[in-house]
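Structural overview
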Amino acid sequence: MFKSFLFATFLLGLLLIAQAREDDKNIGLYQLKRGNMQLNFTNYGATIISVILPDRHGNLADVTLGYDFIQQYQNDTCYFGALIGRVANRIGHAQFTLDGKTYQLPANDHGNTLHGGTTGFSDVVWTVESHREDSHITFTYDSCDREEGFPGQLKVSVTYMLIGTNKLAVKMIANPVDKATPVNLAQHSYWNLRGHNSGDILSHKVQIFGSHITPVDDKLIPTGEIQSVKGTPYDFLEPKEVGSQINDLPGLYDMNYVLDKGSSEHFRKVAIIKDDVSGRKLELWSNQPGVQFYTSGMLKDTKGKDGAIYHKHAGIAMETQGFPDAVNRPNFPSQIVRPGETYKHFMVYRFTAE
């Protein structure tokens, strides 16, 4: 019943705008399902619109924030479930210099560039390259030279894959065609393991496997420093409730963590999120050097799915990524990818309930 209602409401949203723009006619809804795990997607922004999981008693709930209608995704400023690019997170002063040439970008966030610019990868219609409901879906996008100010043509793909009955793998690949360009893709789902409409996530327990952060200025641009989390409210090296020290912050939980190296040189454990009420637990692995931990502190009365109103701290975003403003910080890991090279970003989510 829940799945049928979700499909019906979202498809109604598609029908309402079917004649609005030519690209809208190519927007669709797609599903992956295995066992009790169900995921729904749209190729608008290569977006995850819902993740339906059982709790410890087998009761199903949608644990990601999102919308009912496609118009809401088109007007979205929260990036619910979207694939972010060409460069996720922030670029200071909306510019960077590469190979002696300075590129000016859209200043869509207090004089800086956020999540790819005014029309980033989250706001374009992707092509469905391959889809099998019990296995995977692959979206592709061809970004043109100087799109949102970035140099060179870039071919991008993202594949969402089911592994077993409780894992979701995400594979993001990008290949520059003719020019060097920065690439930093990210998956921007907001998680509330008790259910997307269950209130705030302040009692969720979080563990982040990052001993350092890249501190920021008042516009959330990294200062270039790398600081230890020890003795600060940013210390989640041991599991603790999100709200346990939130009032001690100078601002919000919206911070890039420098991930500790794991047992594998190229794959590391990123974070664990657990909700004691439902028993649901999310574990995340990635090959990226950083993760943005954001507790949706800027949400305010946002109308979401099923009549839900999302307030401050309604969800947790764990965005594995390269470091913010790396294009302007030579001491940060480089995000420059040149023709003949391949950008590869892998993530694995493991969902359990206990």
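Residues numbered from 1 in each chain as written. Predicted model: local features only at pLDDT ≥ 70, side-chain atom pairs only at ≥ 80, totals over all residues. Heavy atoms only, no water.

- An unreviewed UniProt entry lists the chain under the name Aldose 1-epimerase, with Abrus precatorius given as the organism.

**Section: the UniProt feature "active site" (unreviewed entry) in the chain**
- In the numbering used here, UniProt assigns the feature "active site" (unreviewed entry) to His188 and Glu319. Spanning 132 residues, the named residues nonetheless gather at one spot, since no C-alpha pair among them exceeds 5.9 Å.
- Assignment of secondary structure puts His188 in strand β15 (residues 186–188).
- Judged by its relative accessible area of 3%, His188 is buried.
- The contacts of His188, once residues within four sequence positions are left out, are Cys78, Tyr79, Phe80, Gly81, Ala82, Ile84, His115, Ala317 and Glu319.
- Within the local environment of His188, its side chain forms a polar contact with the side chain of His115, the two groups lying 3.4 Å apart.
- With respect to the secondary-structure elements, Glu319 resides in strand β27 (residues 316–321).
- In this structure Glu319 touches His115, Ala186, Gln187, His188, Gly290, Val291, Gln292 and Tyr294, once residues within four positions along its chain are discounted.
- In terms of polar contacts, Glu319 uses its side chain to reach the side chain of His188, at 3.4 Å. (UniProt positions renumbered as here; feature names shortened; annotations may be inferred. Helix = DSSP H or I, 4+ residues; strand = E, 2+ residues; numbered from the N terminus. Buried < 20%, exposed > 50% of the residue type's maximum accessible area, 1.4 Å probe, protein only. Contact = heavy atoms within 4.5 Å. Polar contact = N/O pair within 3.5 Å; in protein donor to acceptor, adjacent residues only side chain to side chain.)

**Some remarks on the confidence of the model for the chain**
- Per-residue pLDDT for the chain averages 93, and the proportion of residues at 70 or more is 92%.
- The low-confidence segment residues 1–5 (pLDDT under 50) makes seven contacts with residues lying over four places distant or belonging to another chain.
- Note that residues 15–20 has pLDDT below 50 and, in this model, six contacts with residues that lie over four places away or in other chains. (pLDDT = per-residue confidence, 0-100.)

**Regarding the side chain of Thr64**
- Structurally, the position occupied by Thr64 is in the loop between β4 (60–62) and α2 (70–74).
- Exposure remark for Thr64: the relative accessible area of 1% places this residue in the buried category.
- Once residues within four sequence positions are removed from consideration, Thr64 is found in contact with Ile49, Ser50, Val51, Tyr190, Trp191, His196 and Lys305.

**Considerations on the sheet that holds strand β21 (residues 254–258)**
- One open sheet accounts for six strands, arranged β16-β27-β24-β21-β18-β19; its pairing is antiparallel. Each having just a single partner strand, β16 (190–191) and β19 (227–228) make up the two edges of the open sheet.
- Of the pairings in the sheet, the one linking strand β18 (residues 212–213) to β21 comprises two bridges and is antiparallel in character. Each bridged residue has a counterpart across the sheet, and for His212 the counterpart in β21 is Val258. (Pairing = 2+ DSSP bridges.)

**Quick look at the packing of aromatic side chains**
- One pass over the full model with this rule turns up 23 aromatic pairs.
- Relative to Tyr103, the ring of Phe96 has its centre 5.4 Å away and its plane inclined at 25°; by these criteria the two rings are stacked. Accessibility assignment for this pair places Phe96 and Tyr103 in one class, buried.
- Between the aromatic rings of Phe236 and Phe293, the centroid separation amounts to 5.3 Å while the plane-to-plane angle is 70°, which identifies the pairing as edge-to-face. Placement of the pair is Phe236 in the loop between β19 and β20 (240–241) and Phe293 in strand β24 (residues 290–294), with a sequence separation of 57 residues.
- The ring of Phe236 carries Lys240 above its face, with NZ or CZ at 4.6 Å from the centroid. (Phe/Tyr/Trp six-rings, centres within 6.5 Å; stacked < 30°, edge-to-face > 60°. Lys NZ or Arg CZ within 6 Å of the ring centre and 35° of its normal.)

**With respect to the pairing of strand β1 (residues 29–34)**
- By the bridge criterion, six bridges tie β1 to strand β2 (residues 37–42) in an arrangement that is antiparallel. Paired with Leu29 across the two strands is Thr42, which belongs to β2.
- Hairpin remark: β1 followed by β2, antiparallel, with two residues in the connecting loop; positive phi at Gly35, about 60°.

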